[in-house]
Amino acid sequence: MPATRRFTVDERRARLAGRHGLAAAHRAADVVEAARCMVCLHGTDPATIFLSAQARVTGMTVADLECALYRDRSLVKHLAMRRTLFVVPRERLADVQAGASDRVARQERRRMVGLVEKAGLQRNGARWLEKVSSQVVEALSDGREMTVAELRREVPLLDGAVTYGEGKAWGGQMPIGPRVLTVLSAAGAVVRATNAGAWTTSRPRWAAMPAWLGAPIEPRSEADGTAGLVEAWLRAFGPGTDTDIAWWLGSTLTAVRRALATMKAVAVDIDGRVGYVMPDDLDDVGPVAPWIALLPALDPTTMGWKERDWYVGPHKRDVFDTNGNAGATIWCDGRIAGGWRLQGTGEVEVQLLEDVGREARQSIDAEAARLTGWLAGARVQPRFPSPLCRRAATQTP
């Protein structure tokens, strides 16, 4: 498929600024719109959800997001692409389930069955998993919310643990209850409902998905779900390569290319590589006023592409760990210019990796002060701190 249009790095950065709600003139109206503009928000770190939303919604409060998650249920925590927890706009759940979560559920079932059989806990792991899954769903079918501990008391089959890393310093005992809930959540049978802890921690109460939403997730074919997600990604992150999309989706190039053909995506030139956009999305978006953003670890913008040189430049080893997990970042006009971390005093510390100029530095310092105030002393400990953050921590007296 020949490329019909060339997108410069500057144009890709301008698109990112507007479509991701990061430039001041393009902020999202509310937390649901903030999630929609990113397809969904990354939720591995509980605090990331809130920090990602507040970076895109002027005046957002913790209560605003908790209301969308737990009262309105317009946003739903769901295990999806790459076996990662996301916060998904409710209307996108059907595509996510069919295009990503069902695949994760199949993988998790196989892993769970093998785990309990290898550990000698069950002779027939598949039969046991079917039985315990049915009992969990039945326990939650009346609309109750229960913690893992409460579920274990009601469903004794959830009790038990397996040993991992035997003889290794990092080894230990892994309870099987949470793993069963991982399988069921990926399958769309149960959902992380309200949180029993503060917004910076993850202590979910579990509910049956149909009871939580008022209806089961609408069934959809895998091909339709994949096509829906590919279109959503292109509108939020495009142009990008099929490699970018396959990585983000956690799927295969074959499935992605089939979806691109279904959506009649247009091939374009991005720095000599073939990228794709939707056929009605070829217009130049125009320049964007200078902007900065302080984004949390694992923010969906930072994690949106596999091929990242055009926005991370020489700083990849400073802000991404060896597994590709991004730490907290400072963005300046569509590129990563450094990172930030929370000091013991509760203040946001700026960690620039390049000279951004006086005006940009003043804006970054002002944003750091604003974020410090927004956090109001809350302790945010990223699960995957960047190498830059770890180096600073070892140098702190």
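Scroll up for the structure.
Read on for an overview of the structure. Values in this document were obtained by computation on a predicted structure and should not be read as measured data.

Turning to the sheet that holds strand E14 (residues 348-352), a few remarks are in order. Spatially, four strands are ordered E11-E12-E13-E14 in an open sheet, and the strand pairing comes out antiparallel. In this open sheet, the two edge strands, each paired with only one partner strand, are strand E11 (292-295) and E14. Each neighbouring strand pair of the sheet contributes to a mean axis angle of 30°, computed without reference to strand direction. Running over the sheet, helix H15 (residues 358-375) touches E11, strand E12 (329-332), strand E13 (335-342) and E14 and is turned about 150° from E14. Against the sheet, helix H16 (residues 387-395) contacts E13 and E14, and its axis sits at roughly 40° relative to E13.

If you look at the biggest cluster of nonpolar residues, it comprises 99 residues, and the most contacted ones within it are Leu75, Met81, Leu234, Leu294 and Leu375. The residues contacting leucine 375, other than those within four sequence positions of it, are Leu51, Trp199, Leu342, Val348 and Val380. Of all hydrophobic cores here, the second largest spans 23 residues; its members include Val116, Trp128, Leu151 and Trp206.

Here the structure, examined in full by the defined rule, presents 24 salt bridges. Of the charged contacts in the structure, one is a salt bridge between aspartate 299 and arginine 56, with a shortest N-O distance of 2.9 Å. Linking aspartate 299 in the loop between E11 and helix H13 (309-312) with arginine 56 in the loop between helix H3 (46-54) and helix H4 (62-71), this pair joins segments that are 243 residues apart in sequence. Both residues of the pair, aspartate 299 and arginine 56, count as buried. With a shortest N-O distance of 3.8 Å, glutamate 222 and arginine 106 are connected by a salt bridge.

If you walk through the whole model with that rule in mind, you get eight aromatic pairs. Between tryptophan 199 and tryptophan 374, the ring centres sit 5.6 Å apart and the planes meet at 75°, which makes this aromatic pair edge-to-face. In this pair, tryptophan 199 is assigned in the loop between strand E7 (190-195) and strand E8 (204-208) and tryptophan 374 in helix H15, connecting sequence segments 175 residues apart. Tryptophan 374 carries the same exposure label as tryptophan 199, and that label is buried. Ring plane angle 20° and centroid distance 5.5 Å describe the contact between tryptophan 233 and phenylalanine 237, whose orientation is recorded as stacked. You can see tryptophan 233 and its partner phenylalanine 237 sitting in helix H10 (residues 222-237), four residues apart, about one turn around the helix. As far as burial versus exposure is concerned, tryptophan 233 and phenylalanine 237 are alike and both buried. These aromatic residues form a ring-pair network of at least three members: Trp233, Phe237, Trp305, Trp310, Tyr311 and Trp331. Here the guanidinium or amino end of arginine 12 rests over the ring plane of tryptophan 310, the centre of that ring lying 4.0 Å away. In this arrangement the basic side chain of arginine 308 is found over the ring face of tryptophan 247, its NZ or CZ atom lying 4.9 Å from the centre.

This next bit is on the packing of H10 against helix H12 (residues 253-262). Put simply, H10 and H12 touch, their axes get as near as 9 Å, and they point 75° apart. The angle between H10 and H12 falls in the class roughly perpendicular. Across from Thr226, Ala227, Val230 and Leu234 in H10, the residues of H12 making contact are Ala255, Ala259, Leu260 and Thr262. Along the lines of polarity and charge, the residues of the contact of H10 with H12 split into six nonpolar, two polar and no charged.

The next thing to look at is the packing of helix H5 (residues 93-118) against helix H8 (residues 177-186). Packing of H5 against H8 brings their axes to within 7 Å, and their N-to-C directions diverge by 155°. Between H5 and H8, the crossing angle belongs to the class labelled roughly antiparallel. Where H5 crosses over H8, the handedness of that crossing is left-handed. In this structure, H5 contributes Gln97, Ser101, Asp102, Val104, Ala105, Glu108, Arg109, Arg111, Met112 and Leu115 to the contact, and H8 contributes Arg179, Val180, Thr182, Val183 and Ala186.

Its boundaries defined by the atoms lining it, the largest pocket holds a volume of some 840 Å³. Residue lining of the largest pocket: 32 residues in total, with Thr44, Arg83, Thr84, Arg383 and Phe384 positioned closest to the centre. Listing elements by their share of the lining of the largest pocket, those giving two or more residues are H8, E8 and helix H14 (316-319). Looking at which element gives the most residues to the lining of the largest pocket, the answer is H8, with three residues. Each residue belonging to the lining of the largest pocket can be placed in one class, and the counts come to 13 nonpolar, 10 polar and nine charged. Along its surface, the second largest pocket is lined by 23 residues, and Val380, Gln381, Pro382, Arg383 and Pro385 are the ones closest to its centre. Among the elements of the structure, H3, E13 and H16 are those that each provide at least two residues to the lining of the second largest pocket. No other element matches H3, which puts four residues into the lining of the second largest pocket. In terms of residue class, the lining of the second largest pocket is made up of 14 nonpolar, five polar and four charged.

As a further point, take the sheet that holds strand E9 (residues 266-270). Taken together, three strands build an open sheet; the order of strands is E1-E9-E10 and the sheet is mixed. Edge positions in the open sheet fall to strand E1 (6-7) and strand E10 (273-277), since each of these has one partner strand only. In the sheet, E1 pairs with E9 via two bridges, with the strands oriented parallel. Opposite phenylalanine 7, over in E9, you have isoleucine 270 as the bridge partner.

This brings us to the environment of leucine 352. Relative to the helices and strands, leucine 352 resides in strand E14. Classification of leucine 352 as partly exposed rests on a relative accessible area of 26%. Residues leucine 352 and threonine 329, 23 residues apart in the sequence, show an inter-C-alpha distance of 9.3 Å. Those residues in contact with leucine 352, other than ones at most four positions away along the chain, are Ile330, Ala337, Gly338, Arg361 and Ile364.

What counts and how
- Residues numbered from 1 in each chain as written.
- Predicted model: local features only at pLDDT ≥ 70, side-chain atom pairs only at ≥ 80, totals over all residues.
- Heavy atoms only, no water.
- Pairing = 2+ DSSP bridges.
- Helix = DSSP H or I, 4+ residues; strand = E, 2+ residues; numbered from the N terminus.
- Axes fitted to C-alpha atoms, helices over the stretch in contact; angles between N-to-C directions.
- Contact = heavy atoms within 4.5 Å.
- Core = buried A, V, L, I, M, F, W, Y, C linked by side-chain atoms within 4.5 Å.
- Buried < 20%, exposed > 50% of the residue type's maximum accessible area, 1.4 Å probe, protein only.
- Salt bridge = Lys/Arg side-chain N within 4 Å of Asp/Glu carboxyl O.
- Phe/Tyr/Trp six-rings, centres within 6.5 Å; stacked < 30°, edge-to-face > 60°.
- Lys NZ or Arg CZ within 6 Å of the ring centre and 35° of its normal.
- Parallel < 35°, antiparallel > 145°, perpendicular 65-115°, else oblique.
- Nonpolar A, V, L, I, M, F, W, Y, C, P; charged D, E, K, R; others polar.
- Left-handed = near helix turned anticlockwise from the far one by under 90°.
- 1 Å grid on protein atoms, 1.4 Å probe; cavity = no way out; pocket = protein on both sides within 12 Å on 5 of 7 lines; lining within 4 Å.
- Points joined across faces, edges and corners; volume = space filled by probe spheres on them.

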